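Secondary and tertiary structure notes
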Amino acid sequence: MTVKIEVIAAPGCKKCASAQDELRAVAASVLGEGRLVWREVNVLEELDYAVSLGVLAMPAIAVNGELKFSSLPTPEQFRAVLLRLEPR
Amino acid sequence: MYTIGKIAALADVSADTLRYYEKEGLITPASKTAAGYRLYNDEAVRRIRFIKHAQHCGFSLSDVKELLTLKHAESACCADVRSLAIEKKLRIEHKLKALQVMSRALDDLIRSCEGGEQATGDCPILAALENSLRVVSR
């Protein structure tokens, strides 16, 4: 039932930090806080995991372990992807 | 000021490489002689060394161009440069992973064949590659 959203970024990335709050709010409104598992992945601490997801650019966003965005989406693009998710 | 031959020797690159860098917009001669020969200054020497060092770390010439742009952009900060370096590392790690997969596939092929003098028609490596081709073309 839960949806795991991971934002893969480098610490200190200002554009990532400012956009994350907005995207998290979009995710919470679409999925509800109860279904949302939000994780911020430090690419340097979890490099192997980032590589296994296919991350080549940052910030990247994976939904349920699948890379969905290789750069920051607009809130509308993000919302559209979340709305298309199969119920789990 | 240095002629192209002198700066090439100083920076340990060829004159052709310098002309290519110029074509790619990475360096520009400070001036030209009356006869049209390129003349370079110390800044060009520093820039060529920067390019070579960056290439040594895996950056392509187009990455170097981006790095140089960041270097001179007022709005850019160190985090932007660091992100480029991390993204380069991610690409290298991807390539390493792909090479490891290739290496393991070769291990399987090598294990399947004992070598020897039998005809290549009986070679398990060639047979395995033929079979995988058939699977791919299906």
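A short tour of the structure in this document, coming up. (Residues numbered from 1 in each chain as written. Chains lettered and ligands numbered in written order. Predicted model: local features only at pLDDT ≥ 70, side-chain atom pairs only at ≥ 80, totals over all residues. Heavy atoms only, no water.)

**A short note on the overall build of chain A**
Within chain A one finds three helices and four strands. For 88 residues, the compact-globule estimate of 2.2 N^0.38 gives 12 Å, and the C-alpha radius of gyration of chain A, at 12 Å, lies within 12% of that figure. C-alpha extents for chain A along the principal axes are approximately 30 × 25 × 20 Å. Counting the 88 residues in chain A, one finds 44% classified as buried. Residue pairs in contact within chain A that sit at least 24 positions apart in sequence constitute 65% of those at least 6 positions apart. Accessible area for chain A stands at about 4,600 Å²; split by element, carbon and sulfur atoms hold 51% of it. When the 10 basic and 11 acidic side-chain charges of chain A are each reduced to a single mean position, those positions are 4 Å apart. (Helix = DSSP H or I, 4+ residues; strand = E, 2+ residues; numbered from the N terminus. Rg over C-alpha atoms; globule rule 2.2 N^0.38 Å. Buried < 20%, exposed > 50% of the residue type's maximum accessible area, 1.4 Å probe, protein only. Contact = heavy atoms within 4.5 Å. Areas by Shrake-Rupley, 256 points an atom, 1.4 Å probe, with all protein chains shown as cover. Lys, Arg positive; Asp, Glu negative; His and termini not counted. Charge placed at Lys NZ, Arg CZ, Asp CG, Glu CD.)

**Quick word on the sheet that holds strand β3 (residues 38-40) of chain B**
Within a sheet, neighbouring strands are paired by backbone hydrogen bonds and run either parallel or antiparallel to one another. Residue and element names in this part refer to chain B. Sheet architecture is open: three strands sit in the order β1-β3-β2, paired in antiparallel fashion. The two strands at the open ends of the sheet, each matched to only one other strand, are β1 (2-3) and β2 (31-32). As defined by bridge partners, β1 adjoins β3 across two bridges and the pair is classed as antiparallel. Residue pairing across strands places Tyr 2 opposite Tyr 40, the latter belonging to β3. (Pairing = 2+ DSSP bridges.)

**Some remarks on the side chain of A:Glu6**
All names here are of chain A. Take Glu 6: it is sitting in strand β1 (residues 3-9). Of the polar contacts made by the side chain of Glu 6, one reaches the side chain of Arg 39; its length is 3.1 Å. A distance of 2.7 Å separates polar atoms of two side chains, one belonging to Glu 6 and the other to Tyr 49. Ignoring any residue separated from it by four or fewer positions in sequence, one finds Glu 6 in contact with Arg 39, Val 41, Tyr 49, Ala 60, Ile 61, Ala 62 and Gly 65. (Polar contact = N/O pair within 3.5 Å; in protein donor to acceptor, adjacent residues only side chain to side chain.)

**Let's talk about the sheet that holds β1(A)**
Residue and element names in this part refer to chain A. What the four strands build is an open sheet, ordered β2-β1-β3-β4; its pairing is mixed. Only two strands of the sheet have a single partner each, and these edge strands are β2 (36-42) and β4 (66-69). Averaged over all neighbouring strand pairs, the angle between strand axes comes to 30 degrees, with direction disregarded. In the sheet, β1 pairs with strand β3 (residues 60-63) via four bridges, with the strands oriented antiparallel. Bridge assignment links Glu 6 to a residue of β3, and that residue is Ala 62. Helix α3 (residues 75-83) rests against β1, β2, β3 and β4 of the sheet, and its axis sits at about 145 degrees to β4. (Axes fitted to C-alpha atoms, helices over the stretch in contact; angles between N-to-C directions.)

**Considering the pattern of salt bridges**
Applying the stated criterion across every chain, the model contains 11 salt bridges over all chains. Where A:Arg39 meets A:Glu46, a salt bridge forms, and the shortest distance between an N and an O atom there is 3.0 Å. Looking at A:Glu46, the relative accessible area reads 25%, which means it is partly exposed. In this structure, the salt-bridge partner of B:Asp108 is B:Arg111, at a minimum N-O distance of 2.7 Å. Pair noted here: B:Asp108 and B:Arg111 are both in helix α5 (residues 78-112), with a separation of three residues, about one helical turn. In this structure B:Arg111 comes out as exposed when scored by relative accessible area, which is 62%. One network of salt bridges, with partners in common, ties together A:Lys4, A:Glu6, A:Arg39 and A:Glu46. (Salt bridge = Lys/Arg side-chain N within 4 Å of Asp/Glu carboxyl O.)

**A closer look at the environment of A:Arg79**
Residue and element names in this part refer to chain A. Looking at the element boundaries, Arg 79 is found in helix α3. Here the alpha-carbon distance between Arg 79 and Gln 20, two residues 59 residues apart in the chain, equals 13 Å. The contact partners of Arg 79, leaving out residues within four places of it in the chain, are Val 26, Ser 29 and Val 30.

What is shown is where atoms sit, not what they do.
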